[in-house]
Amino acid sequence: MYGVLCPLLACTTLCTNILVTIVFTMNRMRSPTTILLTALAVSDILAASVITPMYVYFYSMGNVLNYQDGLPYPLCIYHSIAYKITAVFHAVSIWLTVVLGIQRFIVVAFPIPGRRFWSHKNSILVILLVYILVLGVYSLWFLEDRFEERTRIDESGLVIPYCLCYQEEVFMFGYGIEKVVKFIRLVFGQFFPCVILVCATIALVQKLIVESHRILDLHREEDNEVERTDFRLIRRTTVMVILIVVTFCLVEIPVSIVFLIDVCDINIIKIDAKLVIAVISNFCLFITYQINFWIYVCLSRHFRNNLRRLFRFEVNHPSQNGFHSVNCKSYYSTRVLNNRRVSTFH
């Protein structure tokens, strides 16, 4: 998995998420939601790209057997920091997914103020806030690493430089910093986001069902195909967000449970089993890094059309403004706005 499949998935992730970024930054696709999805794609690219060189070096090139002899300097520094940087970018992806779920719920539950609040500018500010918050919390993790360049003489008498990596004991709140960081990662990076997403997803599904019934009742006796089409686009966008969140939860919740067992030092899983679980979990994470692209391709006609335009396969469909474009003049008729019986997305 580490030597072949993960590097291949990393290459696929790089290609697909670059396409996502290019398509979503087009003027006709740009919206508060696509800004969040673009930031999610970028963080997934960084998370997969930073760790993949280590997989290639150790497992694809077969250097894992020489690990005990020490790593060349400064590769050891990259080896130690790469795993942590990957965890940081993955935590950013987790919280961007949380923000995406919360954003959809707010816009569904409070259509007019929600649309006003989730502007392009505020979406960018929230993304910056997520990066600052995650980097600030995870910065403690980088305090314990120490590196020294040393040399050794091999069997043929050659002097070979290598790197000595060790962790210096740093205490915080009476505990070792490694224990503190594990607890922070469990609560801040796993448990808390999963709880928020599960609650937000349940509330979002319930609200979407209620609004679907309201729209059907509202237009049951009207022959307004434009408004019904607009709402179908809105619902399809929300379904895509729900699929993204559900996919995330299917991977992250089991990982959180295993991580909880490790942090609490509960000896119910053998070391070999932990290794297998870690490999499978990392492999599943690589799959999730690119699965969003296929969700967009399968469920969004606008994304497919703009993807074709990107490769010069022009599609002559009526232009839509944005990933989940809504004709506000038709959708927000005067009667609907006065009654406040309908919700939309932006």
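Residues numbered from 1 in each chain as written. Predicted model: local features only at pLDDT ≥ 70, side-chain atom pairs only at ≥ 80, totals over all residues. Heavy atoms only, no water.

A. Spatial organisation of the environment of Val99. Assignment of secondary structure puts Val99 in helix α3 (residues 75-109). Take Val99: its relative accessible area is 11%, and that puts it in the buried class. With 101 residues separating them along the chain, Val99 and Ala200 place their C-alpha atoms 10.0 Å apart. Setting aside chain neighbours within four positions, we find Val99 in contact with Leu36, Trp118, Val126 and Val130. (Helix = DSSP H or I, 4+ residues; strand = E, 2+ residues; numbered from the N terminus. Buried < 20%, exposed > 50% of the residue type's maximum accessible area, 1.4 Å probe, protein only. Contact = heavy atoms within 4.5 Å.)

B. Representation of the packing of helix α2 (residues 32-60) against helix α5 (residues 120-138) in the model. Taken N-terminus to C-terminus, the directions of α2 and α5 make an angle of 25°; their axes are 8 Å apart at the nearest point. Between α2 and α5, the angle falls in the class roughly parallel. Between α2 and α5 the crossing geometry is right-handed. For the pair α2 and α5, contact is made by Pro32, Ile35, Leu36, Ala39, Ser43 and Leu46 and by His120, Ser123, Ile124, Ile127 and Tyr131, respectively. For the contact of α2 with α5, the class distribution of residues is eight nonpolar, three polar and no charged. (Axes fitted to C-alpha atoms, helices over the stretch in contact; angles between N-to-C directions. Parallel < 35°, antiparallel > 145°, perpendicular 65-115°, else oblique. Left-handed = near helix turned anticlockwise from the far one by under 90°. Nonpolar A, V, L, I, M, F, W, Y, C, P; charged D, E, K, R; others polar.)

C. Here's a closer look at the packing of aromatic side chains. A complete count under the given rule lists 15 aromatic pairs for this structure. Through successive ring pairs, a cluster of aromatic residues spans Tyr2, Tyr55, Tyr59, Phe286 and Tyr289. (Phe/Tyr/Trp six-rings, centres within 6.5 Å; stacked < 30°, edge-to-face > 60°.)

D. Just the side chain of Thr52, in detail. Within the element layout of this structure, Thr52 appears in helix α2. By relative accessible area, Thr52 is classed as buried at 10%. Of note is the side chain of Thr52, whose polar atom sits 2.4 Å from the backbone oxygen of Ala48. Discounting chain neighbours no more than four positions away, the residues touching Thr52 are Pro7, Ala10 and Phe286. (Polar contact = N/O pair within 3.5 Å; in protein donor to acceptor, adjacent residues only side chain to side chain.)

Geometric values such as these leave the question of function open.
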